Amino acid sequence: MLGYQKPCEEILELADAPVSPLTKINSKGNQLVLLERSRYIGIEALSEKEMRLGGLRINPKTNISSRQTYYSGAKLMKVGEKESTAINGLPKNARLAYFNWSPDESMMAFTNTVSNGVELWILDIKESIARRVVEAELNANLGKPFIWSRGGQSLIVKLLPKNRAALIDKTEAVPTGPTISTNDGEKAQNRTYQDLLKDKVDEANFENLATSELYKVDLEGNKTLWQTEGMHKGMSISPDGEYMLLSTMHHPFSYLVPYSRFPFSVTVYDKNGQEVKRLLEVPLIENLPQGFMAVREGMRNVSWRKDKAATLYWAEALDGGDPETEVEYRDQVLEQEAPFDGETRLLLKTKNRYYTIEWGNDELAIAHDYWWNTRNMGSYVFNPSNNKKAPVELYNRNYQDKYSDPGQFVDKKNEYGQYVLEIIDGKLYLLGEGYSPDGIRPFVDELDIRMLETKRLWQADGEQYLERLYSAIDMKKGIILCSKQAKNVFPNYYLRHIYSKGRVEQITFNPNPFTSIQNLHKAVIRYKREDGLELSATMYLPVGYNKNSGEKLPMVMWAYPKEFKNHATAGQVTASDLEFTYPWYGSPIFWAARGYIVLDDAAFPIVGEGKEEPNDSFITQLVANAKAAIDAVDDLGYLDRKRVAVGGHSYGAFMTANLLTHSDLFAAGIARSGAYNRTLTPFGFQAEERYYWDAPDVYNQMSPFMNAHKMKKPLLIVHGAEDNNSGTYPMQSERYFNALKGLGATVRLVMLPMESHSYQAKESVLHLLWEQDQWLEKYVKQLESTDD
């Protein structure tokens, strides 16, 4: 049996480089919290006991997700300083998570996972001291197990019940009868979810692990019971701190859908834990209408208005939740004020499916709706106090159209500590990503809400650096939190002063850990598909390669198909040659250090305009995209066309298998964590909302498994042995490998123990890189060159 291997030194140096800390910045922009982390975990940690129930993966000993990402430490740093400050009192061998600012940002709460459970800790920012306030009693099995109170002097915390029963060991449980599923003629058409409940033992264990008691915990660790045990999910405190919105799961459970569709109630409690009103009871959701825009009937998306002390709002479907029903308005949005015993009030109706509301004040808010089938997003200015005044359309656009994206509205904290629209003298402000045919040039705009006129206040020149805008620290002064990077300049945070020309203040100082490839030639190349569609990709040439030498190199192309509803948006360029070159584990950039051309993020649009669905011509467009990319690099004079490999992850793996099946463009391929038989995902996949029985020819033509006899070139298949992604069961790779092997194809299957859809263990990642390198060297680089 082959043990875990390590790749060659050129790849290992990059894969093993240190990772910079994650940075948390307070709203004033003067305090940083630096969270230390590792690039990988060990296979031992990944092999800890795990229970898979209701779509969750839980460590039953620690009562937190078995796939939780942890930080190993933390430091503080003031903006304007270059040296960080140690935090006293942090636990040894720390596994930290869920860092969350207190309302006044003087503290952060976080969890620490120990061998027998999850603890609650508090970090005092001013004193730079961390201390434990609750021992290993927290229940984080359903996510973040705490929420700050309005005043920041206490938290509501999910704790394990005092009388919690022992879990049932399925290996020792004696069956009392068969597992039976029935249907009484209703349509229950659901995607292929994984880690579902399977029997009564699973049900009992799920309820056990999901059940918690809610306690009010002060900063000294004193606990007061706030709510008795239940399968409590979401917690949300009203802006004034007087009420809590709590969702709690109930029976019956399902063996078809994950816990997010189990029955639940939504109840309002006062700050002392007394029930005020049961808002709704949501039944088990197994039978939604067909289509991505289908929703359940009744109240949904219940939330607090951020600009009010205690007002709830929610959406309700006016089309019965069925996208096939033709109506003038799809949804309505209503509200109700505390104490929630009066009439509900209509705020507005939306033409398409309600998405969200950005609150401003009594007279100004912005609502957004969308429709997936047309990729349409609408934005409307409306008066929350006057529903007789019709909303004014602000934007009506294709949300895949990056070039026309107006940006995100700037917000600020109000008197309740909630983020609402920043309104200055009747003007709103937007931070835009700045995608354009000329490159990525982020901008800051001012929108006169009365005249609906936009004025550009600032825009990046995009000449030396790629900038990203994150938030406005002080819009009146024009201070914007941003980052700057270049292809060999590691991204760091800055404060840009847009009203002071050229003034920018660096606030983090992370070095470039990948200096061995900092001189790679990198360029975004543009080219056309045979039907005229504009395409692009990022091309890397090996360090030291002489572009004028005439030497023909092998190439690795990496891509991921994406569906569009028109050619204009499909052809937009969203990459930049100024983006930092970052070889994360799934990247093909490693092979630029091994003498290959790397064509990364090659555009693979699949377009279906009007009534035509993108997948109706999936194979034809897939091959056309690949040929255009290869032709473009070949035209530059660098490429040996006989030595080209293609690879991808997930849907990119599906793409890879199809390209090796239906074209002669490639010497070999690498397919990671893909799905290859679409009849195993009969109720839709990726962006396909038609069912198998609606379009059997499409499903069959797109399935590499159905066309395994046409496989032309060597294929390396890699899969996480415990993949829980919807549709990409490990069985997909196992069955596809068996078919290819039985038909005499050159194929290798690598199942990575304990890994899910993405790979976490260092041993797994290094072995993956070794496998890929060996495959490329044998089946691509060592082929006879075209020049020979």
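This text goes with the structure placed above it.
Rules used throughout
Sequence order as written defines the numbering, with residues in each chain counted from 1. Two thresholds apply to this predicted model, a pLDDT of at least 70 for residue-level local features and 80 or more for giving and counting side-chain atom pairs, whereas whole-chain, interface and lining totals are computed over all residues. Hydrogens and water molecules were not included; the side-chain quantities draw on all heavy atoms of the structure. Pairing of aromatic rings covers Phe, Tyr and the six-membered ring of Trp, with a centre-to-centre limit of 6.5 Å; geometry is then stacked below 30 degrees between planes, edge-to-face above 60, and tilted otherwise. What counts as a helix is a DSSP run of H or I of at least four residues, what counts as a strand is a run of E of at least two, and both are numbered from the N terminus. To sort residues, take the accessible area from a 1.4 Å probe on protein chains only and compare it with the maximum for the residue type: under 20% means buried, over 50% means exposed, and anything in between is partly exposed. Two limits define a charge over a ring: the Lys NZ or Arg CZ must be within 6 Å of the ring centre, and within 35 degrees of the ring normal. We call a set of buried Ala, Val, Leu, Ile, Met, Phe, Trp, Tyr and Cys residues a nonpolar core when their side-chain atoms join them within 4.5 Å. Here, two residues are considered to be in contact whenever any of their heavy atoms come within 4.5 Å of each other. Salt bridge, as applied in this entry: a Lys or Arg side-chain nitrogen positioned within 4 Å of an Asp or Glu carboxyl oxygen. In this scheme, strands are said to pair when DSSP sees at least two bridges between them. Handedness of a crossover: with both strands directed away from the viewer, a clockwise path from the first strand across the helix to the second marks it as right-handed.

Enquirer: An account of the packing of aromatic side chains is needed here, citing residue identities and associated values.
Expert: In the structure shown here, the tally under the stated rule is 35 aromatic pairs. Between phenylalanine 490 and phenylalanine 580, the ring centres sit 5.2 Å apart and the planes meet at 75 degrees, which makes this aromatic pair edge-to-face. Here phenylalanine 490, found in strand 37 (residues 489–497), pairs with phenylalanine 580, found in the loop between helix 4 (567–570) and strand 43 (597–602); they are 90 residues apart in sequence, far enough to count as distant. The same class applies to phenylalanine 490 as to phenylalanine 580, namely buried. Three or more aromatic residues link up through ring pairs in this structure, and these residues are Phe683, Phe685, Tyr691, Tyr692, Trp693 and Tyr699. For arginine 375, the ring lying beneath its charged end belongs to tryptophan 372, and the centroid distance is 4.2 Å. The ring of tyrosine 465 has lysine 484 lying over it, and the distance from NZ or CZ to the ring centre is 4.3 Å.

Enquirer: Any chance you could break down the nonpolar core for me, citing the residues and the numbers?
Expert: Ranked by internal contacts, the top residues of the largest apolar core, which has 60 residues, are Tyr527, Met557, Ile597, Leu599, Phe604, Phe666 and Tyr736. The dominant element in this core, judged by the number of residues it contributes, is helix 5 (residues 618–635), at nine residues. Ignoring anything within four residues of it in the chain, the contact list for isoleucine 597 reads Met539, Tyr540, Leu541, Leu553, Pro554, Met555, Val556, Val633, Tyr638 and Leu639. Within the second largest apolar cluster, 39 residues are counted, among which are Phe490, Ala592, Val750 and Leu769.

Enquirer: Would you mind going over the pattern of salt bridges in detail, with residue names and values included?
Expert: For the structure on display, the rule yields 42 salt bridges. As a salt-bridge pair, glutamate 433 and lysine 402 come within 3.8 Å of each other at their nearest N and O atoms. You can see glutamate 433 sitting in the loop between strand 30 (427–432) and strand 31 (435–436) and its partner lysine 402 sitting in the loop between strand 26 (392–398) and strand 27 (408–409), a full 31 residues away along the chain. Accessibility expressed as a relative area gives 36% for glutamate 433, which makes it partly exposed. For lysine 402, a relative accessible area of 29% puts it in the partly exposed group. Within this structure, Glu10, Arg594, Asp773, Glu777 and Lys781 form a network of salt bridges that share partners.

Enquirer: Explain the environment of alanine 632 to me, and be specific about the residues and the numbers.
Expert: Along the chain, alanine 632 falls in helix 5. Among residues more than four places away in sequence, those in contact with alanine 632 are Ile525 and Tyr527.

Enquirer: If you had to explain the pairing of strand 48 (residues 747–752) to someone new, which residues and values would you point to?
Expert: In this sheet, strand 48 lies alongside strand 47 (residues 715–720) in parallel orientation, the contact comprising six bridges. Within strand 48, the residue paired with leucine 715 across the bridge is valine 747. Assessed by its sense of winding, the connection that carries the chain from strand 47 through helix 8 (residues 730–742) to strand 48 is right-handed.

Enquirer: For unusual backbone geometry, give the residues involved together with the corresponding values.
Expert: Omega for the peptide link from histidine 251 to proline 252 comes to 0 degrees, which places this bond in the cis form. Relative to the assigned elements, proline 252 resides in the loop between strand 16 (243–249) and strand 17 (264–270). Cis geometry is adopted by the peptide bond preceding proline 339, which originates at alanine 338 and carries an omega value of 10 degrees. Relative to the helices and strands, proline 339 is located in the loop between strand 21 (331–337) and strand 22 (345–350). Look at aspartate 195: it is not a glycine, yet its phi comes out positive at around 60 degrees. With respect to the helices and strands, the residue aspartate 195 is situated in the loop between strand 13 (154–159) and helix 3 (200–210).

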